[in-house]
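The residues making up each chain are set out below.
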Amino acid sequence: MILQSSFLSTHQIIDTQQTDCCIVGGGPAGVLLSLLLARQGISVTLLETHKDFDRDFRGDTIHPLTMEIMEQLGLADRLLQLPHTKIDQLTLRTTEQDISFTADFSHLKTHYPYVTIMPQARFLEFLIEEAKQYPHFRLVLGANVQELIEEDDSIAGVRYRGQGGWHEVKALLTIGADGRHSRVRELAGLKPVQSSAPMDVLWFRIPRLPEDGSGLNGRVGKGKMLALLDRSEQWQVAYIIPKGGYQQVRTEGLAKFRQNLVEVMPEFKDRADTLQDWHQIAFLSVESSFVPCWYRSGLLLIGDAAHVMSPVGGVGINYAIQDAVTTANILTQPLKNKQIQDKDLAAVQRRREIPTRFIQAFQSLLQQRLIKSALDEQQTFKAPAFLRLPLFRNLFPRIIGFGLFPVHLKDEFSGLKNNI
Ligand SMILES: Cc1cc2nc3c(=O)[nH]c(=O)nc-3n(C[C@H](O)[C@H](O)[C@H](O)COP(=O)(O)OP(=O)(O)OC[C@H]3O[C@@H](n4cnc5c(N)ncnc54)[C@H](O)[C@@H]3O)c2cc1C
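Just so it is clear, the structure is predicted and the values come from calculations on it, not from any experiment.

(A) Region of interest: the domain arrangement of the protein chain. When cut into domains, the protein chain gives domain 1 (2–57 + 120–195 + 288–406) and domain 2 (199–242 + 244–284). Summarising the inter-unit geometry, the C-alpha centres of domain 1 and domain 2 are found 30 Å apart. Looking at the side of domain 1 that touches domain 2 residue by residue, the class counts come to six nonpolar, one polar and three charged.

(B) Quick peek at the sheet that holds strand β4 (residues 85–87). The strand order across the open sheet built from three strands is β3-β7-β4, with neighbouring strands paired in antiparallel fashion. Two strands lie at the open edges of the sheet, namely β3 (61–62) and β4, each paired on one side alone. Here β3 pairs with strand β7 (residues 115–117) via two bridges, running antiparallel. In the strand pairing of β7, Ile62 is matched with Thr116.

(C) Region of the structure containing helix α11 (residues 390–402). The first and last C-alpha atoms of α11 sit 19 Å apart over 13 residues, in line with the 18 Å expected at 1.5 Å per residue. Looking at α11, one finds that the buried residues are Phe396, Pro397, Ile400, Gly401 and Phe402. Immediately downstream of α11, the backbone of Gly403 shows phi near 80°, a positive value.

(D) Examining the environment of Gly221 more closely. Within the fold, Gly221 resides in strand β14 (residues 216–221). Take Gly221: there are 18 C-beta atoms within 10 Å of it, and that puts it in the partly exposed class. Here the alpha-carbon distance between Gly221 and Phe381, two residues 160 residues apart in the chain, equals 6.2 Å.

(E) Summary view of the environment of Leu80. Tracing the sequence through the fold places Leu80 in the loop between α4 (76–79) and β4. Judged by the 16 C-beta atoms lying within 10 Å of it, Leu80 falls in the partly exposed class. Taking the C-alpha atoms as reference points, Leu80 and Met118, 38 residues apart in sequence, are found 9.3 Å from one another.

(F) Representation of the site of the ligand in the model. Around the ligand, the structure places 36 residues, and the nearest of them are Gly27, Gly59, Gly179, Gly303 and Gly316. Counting only elements with at least two residues in the shell around the ligand, the list comes to α2 (28–39), β2 (44–48), β9 (144–151), β13 (199–207) and α9 (316–336). Broken down by element, the residue count for the shell around the ligand peaks at four residues, all from α9. When the residues that make up the shell around the ligand are grouped by side-chain class, the tally is 16 nonpolar, 14 polar and six charged. For the shell around the ligand, the two domains that each supply at least three residues are domain 1 (2–57 + 120–195 + 288–406) and domain 2 (199–242 + 244–284).

(G) Spatial organisation of the packing of α9 against helix α10 (residues 342–374). Two numbers describe how α9 lies on α10: the axes approach to 9 Å, and their chain directions differ by 160°. Relative to α10, the element α9 lies roughly antiparallel. The chirality of how α9 crosses α10 is right-handed. From α9, Tyr319, Asp323, Thr326, Thr327, Ile330, Leu331 and Pro334 reach across to α10, where they touch Asp344, Ala347, Val348, Arg351, Arg352, Thr356 and Ile359. Residues of the contact of α9 with α10, tallied by class, amount to seven nonpolar, three polar and four charged.

(H) Region of the structure containing the environment of Gln349. Tracing the backbone through its elements, the reader meets Gln349 in helix α10. On the basis of neighbour count, Gln349 is assigned to the buried category, with 20 C-beta atoms found within 10 Å. For the pair Gln349 and Gly245, spaced 104 residues apart in sequence, the C-alpha separation works out to 35 Å. Ignoring any residue separated from it by four or fewer positions in sequence, one finds Gln349 in contact with Trp294 and Tyr295.

(I) Structural view of α2. Compared with an ideal rise of 1.5 Å per residue, which puts 12 residues at 16 Å, α2 spans 17 Å between its outermost C-alpha atoms and is within 8% of the ideal. The buried fraction of α2 amounts to 12 of the 12 residues, a majority that puts the element mostly inside the structure. Along α2, the positions that sit buried rather than exposed are Pro28, Ala29, Gly30, Val31, Leu32, Leu33, Ser34, Leu35, Leu36, Leu37, Ala38 and Arg39. Among the structural elements, β1 (13–24), β2, α5 (120–131), β8 (137–141), β11 (165–176) and α9 are those in contact with the buried residues of α2.

(J) Summary view of the pairing of β2. A large share of β2 lies buried, amounting to five of its five residues. Neither face of β2 is exposed, since Val44, Leu46 and Glu48 on one face and Thr45 and Leu47 on the opposite face are all buried. Direction of pairing for β1 relative to β2: parallel, over a ladder of four bridges. Bridge assignment links Cys21 to a residue of β2, and that residue is Val44. Across five bridges, the pairing between β2 and β8 is parallel. Counted as the bridge partner of Glu48 is Leu141 from β8.

Basis of the calculations
- Residues numbered from 1 in each chain as written.
- Predicted model: local features only at pLDDT ≥ 70, side-chain atom pairs only at ≥ 80, totals over all residues.
- Domains from an automatic or database assignment.
- Nonpolar A, V, L, I, M, F, W, Y, C, P; charged D, E, K, R; others polar.
- Pairing = 2+ DSSP bridges.
- Helix = DSSP H or I, 4+ residues; strand = E, 2+ residues; numbered from the N terminus.
- Expected span 1.5 Å × (residues − 1).
- Buried ≥ 20, exposed ≤ 12 C-beta atoms within 10 Å, placed from the backbone.
- Near = placed C-beta within 6 Å.
- Axes fitted to C-alpha atoms, helices over the stretch in contact; angles between N-to-C directions.
- Parallel < 35°, antiparallel > 145°, perpendicular 65-115°, else oblique.
- Left-handed = near helix turned anticlockwise from the far one by under 90°.
- Contact = placed C-beta atoms within 7 Å.

Written out as structure tokens, the structure is:
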């Protein structure tokens, strides 16, 4: 209360809106949850700090389970009319071209036995257009949330800087879906526990030629490792470097970087020089963390705000989507009853905690046993034995495509435009 009054004495609030659910963050978790709640007639305000959804570093993968959820919503066919590519195999090769590992998604028992690659901005815009059909949905772009409203030890909404100054949204429930550097998490005093990731990522694009092949490929050798994601005319390249190694890469210079790239990926010899400036290459610090408690009275964290995902396996979007679905399944009725209790918020965390911890442990296994040894220049890379186990090869696409316990919408929440 003291903090709140000192805030109000120094900042003038232009307007105050009232809503049932205020969602901070227009990533996959926040956007899907907005749509799900708005479909149920719950008033939702979605606040996103950027002025659009175009972001380069979010990953473009839509996994089989997410497609099943789109099908439940009656949106799958229309979503697949947008430009996309489909990947049904993931292959890891060494520089000697030996195939060390192949994961085949095409055997999965689903209508969508592949990973759909679509610019995430298009996916989010598609969901936003759907949400806009519901009168209870309100989207504010350019809304940078910087304060929580606290009333009687409960979170009662947020304050954001937006058009013209400070605005307030008062809400029964505030959702922090604002990603890995969550401001809501910090303001609520919910501290993540970091687990160490042995690598960082350099993220850039290289032209893709028809004879290149397709899909999702990994290449490893000579102390280097990269992942290639088929983006039709281009490869999205994730060039993996040891944690903290970025300064050394910059000091060695761009010519040396191109040379290293060609060493691990000789096919890029004729186009490595399309990389002419460090601005074309984004540095992404890889993190992994888990918040021990995802909620406070009136507030819940979901997606990366609750558990930052390493990019290994490209599962972060899928997990953010599953958090949104679980939140809608559990909290729709309490929101309709206008009564959110801590036990409802705890139920969301309980449902999502084990699958999340499981996938983070799985990512950590791959990071420690595969990626760390791949980045060791002192030794010739030898694929770990578990990659050859048929059981692992069968389980891998399942775990990546669906997670540990696949989450679906409750029957009463699926179907078209019900319950407006
Ligand atoms: C290099 C890299 C590559 C990756 N590749 C993949 C991949 O291929 N596939 C995959 O599944 N996952 C991938 N991931 C992980 C994935 O990006 C995340 O797990 C996923 O985006 C989490 O979704 P989210 O909705 O929780 O948060 P985010 O997608 O991070 O969205 C959070 C949103 O909140 C907004 N926001 C932040 N602060 C505020 C504020 N104060 N006020 C208002 N809005 C705010 C942000 O602008 C953002 O739009 C990758 C991650 C990295 C680092």
